[in-house]
Amino acid sequence: MVVEEKTISSDRVYTGRVISLKVDTVEIPQQGYGKREIVEHGGAVGVVALTDDNKVVLVKQFRKPIEKIIWEIPAGKLEIGENPKDCATRELKEETGYSAENMKLIHKFYTSAGFSNQKIYIYLATGLTPGERKLENGENLDSYVIDFNEAYDMILKNEIEDAKTSIGLLLTKDLI
């Protein structure tokens, strides 16, 4: 039987610009007490930007936690109180220069609910108009326009390893 854990106390261990870490003491019915380490994150968006001729806009960037350059859909962190659709529109423009006539939510998910509350919203952007990128200070990435089927095959060959990118592209395959 699944039961909820009651929080007895919560200790904030770290508060940063992107994440916070807390350790909760919880009461587990019929088992006693336990500790839960929880990473708190304000949420993020990812954008599958699809051109009229079925090409997708991807970015490549270095990710320090995994020490490698990876392929991703344009994405970014939600600002406090920001609407996810507005964030998706902003991040697409900043990272790729593209504006979208249509921005449709296709999925939202928790990245790893066992230790984090981070939720990512995935949007499908269509009716694209190219423009000039406006990268944030400290952002270093390149954008590419790739045939959608080629990008889909990159997932199957493990060339795309990013979860939000894989989820977004796999869901889009059924929409086009």
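These remarks concern the structure in this document. (Residues numbered from 1 in each chain as written. Predicted model: local features only at pLDDT ≥ 70, side-chain atom pairs only at ≥ 80, totals over all residues. Heavy atoms only, no water.)

### Structural notes on the environment of Ile28
Inference 1: Examined against the element boundaries, Ile28 turns out to sit in strand 2 (residues 19-28).
Inference 2: Leave out the neighbours within four places in its chain, and Ile28 touches Glu5, Tyr33, Gly34 and Arg36. (Helix = DSSP H or I, 4+ residues; strand = E, 2+ residues; numbered from the N terminus. Contact = heavy atoms within 4.5 Å.)

### Here we look at a negative patch on the surface
Inference 1: Residues Asp52, Asp53, Glu101, Asp147, Glu150, Asp153 and Glu159 make up a contiguous surface patch of negative charge.
Inference 2: By the element assignment, Asp53 lies in the loop between strand 4 (44-50) and strand 5 (55-63). (Patch = residues over 30% accessible without salt bridge, like charges linked within 9 Å, V, L, I, M, F, W, Y side chains within 5 Å. Areas by Shrake-Rupley, 256 points an atom, 1.4 Å probe, with all protein chains shown as cover. Salt bridge = Lys/Arg side-chain N within 4 Å of Asp/Glu carboxyl O. Lys, Arg positive; Asp, Glu negative; His and termini not counted. Charge placed at Lys NZ, Arg CZ, Asp CG, Glu CD.)

### Regarding the nonpolar core
Inference 1: Grouped together as the largest cluster of nonpolar side chains are 19 residues, with contacts concentrated most on Val48, Val56, Leu58, Ile122, Ile160 and Leu169.
Inference 2: Broken down by secondary-structure element, the contributors of at least two residues to this core are strand 4, strand 5, strand 8 (99-110), strand 9 (119-129) and helix 2 (148-156).
Inference 3: Residue contributions to this core peak at four residues, all from helix 2.
Inference 4: Setting aside residues up to four positions removed in sequence, Val48 forms contacts with Val56, Ile73, Ile122, Tyr123, Leu124, Ala125, Gly168, Leu169 and Thr172.
Inference 5: With 14 residues, the next largest nonpolar core counts Val57, Cys87, Tyr121 and Tyr123 among its residues. (Core = buried A, V, L, I, M, F, W, Y, C linked by side-chain atoms within 4.5 Å. Buried < 20%, exposed > 50% of the residue type's maximum accessible area, 1.4 Å probe, protein only.)

### Focus: the environment of Arg90
Inference 1: Structurally, the position occupied by Arg90 is in helix 1 (residues 84-96).
Inference 2: Relative accessible area serves as the criterion here: at 22%, Arg90 is assigned to the partly exposed category.
Inference 3: In the structure, Arg90 is positioned 14 residues away from Gly76 in sequence and 8.9 Å away in space, judged by C-alpha atoms.
Inference 4: Excluding anything up to four places from it in sequence, Arg90 contacts Lys77, Glu79, Glu82 and Glu136.

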